[in-house]
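# Fold and contact review
Here are the chains, one letter per residue:
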Amino acid sequence: MKPLNYAILKHFTKHGKSSVHEVMEVLKEDYENFKSFNKSAVINALMTAEANGLIAEIDANLDENGEVIIYYEASEESKNIINTFIED
């Protein structure tokens, strides 16, 4: 099994626009028992990936509770970089 941060990056090579909620839903089955599998840690991983240029913020909305939901996506170039360094 890949480290959680690697799995988060690989998610963006196979899925389009995703928020923290969508990433966690896809990874839940494999990672739900990991101590670091929580919303705060996944948001931190997404923000780090964005800061490193591997994903980009492409949209933001408010949910029904007034919480900001940020959506990210990887460009084709970023997908190629991720796939070069992290194998399936």
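Here is a short report on the structure shown in this document. (Residues numbered from 1 in each chain as written. Predicted model: local features only at pLDDT ≥ 70, side-chain atom pairs only at ≥ 80, totals over all residues. Heavy atoms only, no water.)

## Examining the overall build of the chain
Secondary structure assignment for the chain yields four helices and two strands. When the helices and strands of the chain are read in sequence order from the N terminus, they spell out α-α-α-β-β-α. Whereas a compact globule of 88 residues would reach a radius of gyration of roughly 12 Å, the chain reaches 13 Å, a difference of no more than 12%. Along the longest, intermediate and shortest principal axes, the C-alpha atoms of the chain span 40 × 30 × 20 Å. Once local pairs closer than 6 in sequence are excluded, the contacts in the chain between residues at least 24 apart make up 53%. For the chain, the distance from the average position of its 8 positive side-chain charges to the average position of its 16 negative side-chain charges is 5 Å. (Helix = DSSP H or I, 4+ residues; strand = E, 2+ residues; numbered from the N terminus. Rg over C-alpha atoms; globule rule 2.2 N^0.38 Å. Contact = heavy atoms within 4.5 Å. Lys, Arg positive; Asp, Glu negative; His and termini not counted. Charge placed at Lys NZ, Arg CZ, Asp CG, Glu CD.)

## Considering the packing of helix α2 (residues 20-31) against helix α3 (residues 39-51)
Orientation of α2 relative to α3, taken along the N-to-C sense of each, is 110 degrees, at an axis distance of 10 Å. With respect to each other, α2 and α3 are oriented roughly perpendicular. Regarding α2 and α3, the two cross each other, and that crossing is right-handed. For the pair formed by α2 and α3, the contact residues are Val-20, His-21, Val-23 and Met-24 on the first element and Lys-39, Val-42, Ile-43 and Leu-46 on the second. Partitioned by chemical class, the residues of the contact of α2 with α3 number six nonpolar, one polar and one charged. (Axes fitted to C-alpha atoms, helices over the stretch in contact; angles between N-to-C directions. Parallel < 35°, antiparallel > 145°, perpendicular 65-115°, else oblique. Left-handed = near helix turned anticlockwise from the far one by under 90°. Nonpolar A, V, L, I, M, F, W, Y, C, P; charged D, E, K, R; others polar.)

## Thoughts on the packing of aromatic side chains
Under the defined criterion, the tally for this structure stands at one aromatic pair. Positioned above the aromatic ring of Tyr-71 is the side chain of Lys-17, whose terminal nitrogen or guanidinium carbon lies 4.8 Å from the ring centre. (Phe/Tyr/Trp six-rings, centres within 6.5 Å; stacked < 30°, edge-to-face > 60°. Lys NZ or Arg CZ within 6 Å of the ring centre and 35° of its normal.)

## Here's the deal with helix α4 (residues 76-85)
Of the positions making up α4, those classed as buried are Ser-78, Lys-79 and Ile-82. Along the long axis of α4, the arc covered by the buried residues comes to 100 degrees, so they all point the same way. Structural note: α4 exposes Glu-76, Glu-77 and Thr-84 on the side pointing more than 90 degrees away from its buried face. Where α4 is buried, its residues meet α1 (4-14). (Buried < 20%, exposed > 50% of the residue type's maximum accessible area, 1.4 Å probe, protein only. Arc of directions from axis to C-beta.)

## Quick look at the environment of Tyr-31
Secondary-structure assignment places Tyr-31 in helix α2. Exposure remark for Tyr-31: the relative accessible area of 4% places this residue in the buried category. In this structure, Tyr-31 is in contact with Met-1, Lys-2, Pro-3, Leu-4, Ala-7 and Phe-37, ignoring residues within four places of it in sequence.

## Digging into α3
In this model, α3 (13 residues) spans 18 Å end to end at C-alpha, consistent with the 18 Å of a helix rising 1.5 Å per residue. Inspection of α3 places Val-42, Ala-45, Leu-46 and Ala-49 among the buried residues, and these make up the whole buried set. Looking straight down α3, one finds its buried side chains confined to an arc of 100 degrees; they lie on one side. Among the exposed residues of α3, those oriented more than 90 degrees off its buried face are Ser-40 and Ala-51. One side-chain oxygen of the residue at the start of α3 lies 3.2 Å from the amide nitrogen of Ser-40, identifying that residue as Asn-38. Following α3 by one or two positions, Gly-53 adopts a phi angle in the positive range, close to 80 degrees. (Expected span 1.5 Å × (residues − 1). Polar contact = N/O pair within 3.5 Å; in protein donor to acceptor, adjacent residues only side chain to side chain.)

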